[in-house]
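Descriptive analysis of the structure
The chain contents come next:
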Amino acid sequence: MKVNINSETGKLNTVILGIADDRGDISYLNNPKHAEIAQKGEEPSEGVLIEEVEHFKNILEQNGVEVFRPENIANQDQIFCRDIGFGVDQDFFLANMRKANRQPEVNAIQSITSGLSQVHTPPQGAVIEGGDVVVWKDHVFVGLGERTNQQGVDFLKSVLKHKKEVVPLPLSVTNEGATNILHLDCAFQPVGTHHALIYKGGFQQIPNAIYDIFGEDNLIEVSQAEMYYMFPNVFSIHPELVVIEQSFERLSKELAKRNIQTIKTQYSNVSKLGGLLRCSVCPIDRDDIS
Ligand SMILES: NC(=O)NCCC[C@H](N)C(=O)O
């Protein structure tokens with residue numbers, strides 16, 4: 001299989017989409033948003049999660065995307081496939097997950113990744129999750145927060161030297177769902193060919209590199225509440241087509257103004273676990289954009 005990822009938006013050919021079945025009885029409350037939802041007794045049922053994820057699969061396939069799935073691991077949450085590996089150009093990186101309860105997920109894509117020619121595994125001590133890695137043309141932005149450490153960034157830099165500029169961005173990590181940034185893809189997401197969604201409050205310092213590369217006028221700012229509902233975690237099928245949660249009316253209008261169309265789907269139950277559409281997919285092959 002071919003790996004080719006130079007952006008978050010180029011026409012998508014091949015992707016791995018997580019699975020929501022067989023999650024088991026133990027719900028690991030790995031992030032503050034999920035923990036608060038569980039405390040309120042609003043944990044979603046497996047049935048509704050399966051419905052949302054399978055509907056997303058249909059959308060991808062109807063748009064000509066080849067969809068692979070991880071192998072099922074009994075009693076394991078495997079929805080958030082984005083975090084367990086990521087492609088950068090022709091290289092594929094396996095994650096070293098911060099949460100021990102998520103590490104087995106990485107093994108479930110082995111039958112897919114074993115056929116790839118350039119697969120890299122982080123050295124001991126280097127923690128890096130795919131949700132913190134956003135590839136954009138000559139740059140790779142990496143969120144530094146709870147799920148990715150400096151050794152993870154150094155590992156990426158060593159593999160990608162002379163190929164990409166790796167830009168670390170310290171994230172705002174808190175213990176409240178309303179403000180915590182779990183991964184970079186919860187606060188930042190390129191759309192189209194030169195725009196990006198951004199929640200400015202998600203960064204410890206103003207992310208100057210993002211402003212310089214995209215230009216302030218091309219950044220679509222989202223509010224704290226919109227970040228909580230995961231506006232930045234939408235998923236591009238190609239530069240003019242983005243899958244979004246059905247309730248994201250303002251986002252749909254903002255994208256339409258920039259000639260980007262949306263497909264709306266219900267994903268509000270998956271969102272309660274701390275991830276949305278982008279977190280559920282690991283793109284393998286996209287056409288390049290310039
Ligand atoms: N990229 C992401 O933000 N992924 C969401 C992961 C949610 C999962 N419950 C976790 O806390 O690891």
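For the structure itself, consult the block above.
Note that the structure is predicted; figures quoted are calculated from it, not measured.

Moving on: the overall build of the chain. For the chain, the count of helices and strands is nine helices and 15 strands. In terms of overall dimensions, the chain is globule-like: its C-alpha atoms have a radius of gyration of 17 Å, near the 19 Å expected for 290 residues. If one aligns the C-alpha atoms of the chain with their principal axes, the spans along those axes are about 45 × 40 × 40 Å. A total of 290 residues make up the chain; the buried ones form 57% of that total. The long-range fraction of contacts in the chain, counting pairs at least 24 apart against all pairs at least 6 apart in sequence, stands at 73%. Accessible area of the chain: about 11400 Å², with a carbon and sulfur share of 46%. The averaged location of the 39 negative side-chain charges in the chain is 3 Å from the averaged location of its 26 positive side-chain charges.

This paragraph deals with the site of the ligand. Around the ligand, 15 residues are found, and the nearest of them are Asn-31, Asp-83, Arg-102, His-183 and Cys-279. At 2.9 Å from an oxygen atom of the ligand is found a side-chain nitrogen or oxygen belonging to Arg-147. A distance of 2.8 Å separates an oxygen atom of the ligand from a polar atom in the side chain of His-183. Computed on the free molecule, the ligand has an accessible area of 350 Å², of which 98% lies beneath the protein chains in the complex.

A few words now on the pattern of salt bridges. Taken as a whole and assessed by the stated rule, the structure comprises 19 salt bridges. Here Glu-54 makes a salt bridge to Arg-69, at a shortest N to O gap of 2.9 Å. Of this pair, Glu-54 sits in helix H2 (residues 46-62) while Arg-69 sits in the loop between strand S2 (66-68) and strand S3 (85-88), and the two are 15 residues apart along the sequence. Within the structure, one salt-bridge network assembled from shared partners comprises Glu-226, Arg-250, Glu-254, Lys-257 and Arg-258.

Before going further, it helps to spend a moment on the pairing of strand S4 (residues 91-94). What you see with S4 is no split at all: Asp-91 and Phe-93 on one side and Phe-92 and Leu-94 on the other are buried throughout. Sheet analysis places S3 next to S4, joined by four bridges and oriented antiparallel. Looking at S4, one finds that Phe-86 is bridged to Phe-93.

The subject of this paragraph is the packing of aromatic side chains. The full count for this structure, using the stated rule, is nine aromatic pairs. Arranged with centres 5.1 Å apart and planes meeting at 10°, the rings of Phe-86 and Phe-93 form a pair that is stacked. Assigned by exposure class, Phe-86 and Phe-93 land together as buried. Measuring from ring centre to ring centre gives 5.3 Å for Tyr-228 and Tyr-229, while their planes differ by 85°; the resulting arrangement is edge-to-face.

Below, the discussion takes up the nonpolar core. Membership of the largest hydrophobic core comes to 59 residues, with the highest contact counts inside it found for Phe-56, Leu-60, Phe-141, Phe-188, Phe-203 and Ile-210. Ranked by the residues each element gives to this core, the list is headed by H2, at five residues. Leaving out residues up to four positions away in the same chain, Phe-203 has contacts with Leu-169, Pro-170, Leu-171, Ser-172, Leu-184, Ala-187, Phe-188, Ile-198 and Ile-210. Ranked by size, the runner-up nonpolar core spans 17 residues in total, among them Phe-93, Val-142, Leu-156 and Val-159.

Looking now at the state of the cysteines. Across all of its chains, the model carries zero disulfides by this definition. Between Cys-81, a cysteine without a disulfide, and Cys-282, which holds the nearest cysteine sulfur, the sulfur-to-sulfur distance is 5.4 Å. According to the relative accessible area criterion, Cys-81 is buried, its value standing at 1%.

In space, the three strands of this open sheet follow the order S6-S7-S8, with mixed pairing throughout. Where the open sheet ends on each side, the last strands, each with one partner, are strand S6 (133-136) and strand S8 (165-170). Within this sheet the neighbouring strands show an average axis-to-axis angle of 20°, counted without direction. The sheet contact formed by strand S7 (residues 139-144) and S8 spans six bridges and is parallel. Within S8, the position partnered with His-139 by the bridge is Glu-165.

Conventions we followed
- Residues numbered from 1 in each chain as written.
- Predicted model: local features only at pLDDT ≥ 70, side-chain atom pairs only at ≥ 80, totals over all residues.
- Heavy atoms only, no water.
- Helix = DSSP H or I, 4+ residues; strand = E, 2+ residues; numbered from the N terminus.
- Rg over C-alpha atoms; globule rule 2.2 N^0.38 Å.
- Buried < 20%, exposed > 50% of the residue type's maximum accessible area, 1.4 Å probe, protein only.
- Contact = heavy atoms within 4.5 Å.
- Areas by Shrake-Rupley, 256 points an atom, 1.4 Å probe, with all protein chains shown as cover.
- Lys, Arg positive; Asp, Glu negative; His and termini not counted.
- Charge placed at Lys NZ, Arg CZ, Asp CG, Glu CD.
- Near = heavy atom within 4 Å.
- Polar contact = N/O pair within 3.5 Å; in protein donor to acceptor, adjacent residues only side chain to side chain.
- Salt bridge = Lys/Arg side-chain N within 4 Å of Asp/Glu carboxyl O.
- Pairing = 2+ DSSP bridges.
- Phe/Tyr/Trp six-rings, centres within 6.5 Å; stacked < 30°, edge-to-face > 60°.
- Core = buried A, V, L, I, M, F, W, Y, C linked by side-chain atoms within 4.5 Å.
- Disulfide = S-S within 2.5 Å.
- Axes fitted to C-alpha atoms, helices over the stretch in contact; angles between N-to-C directions.

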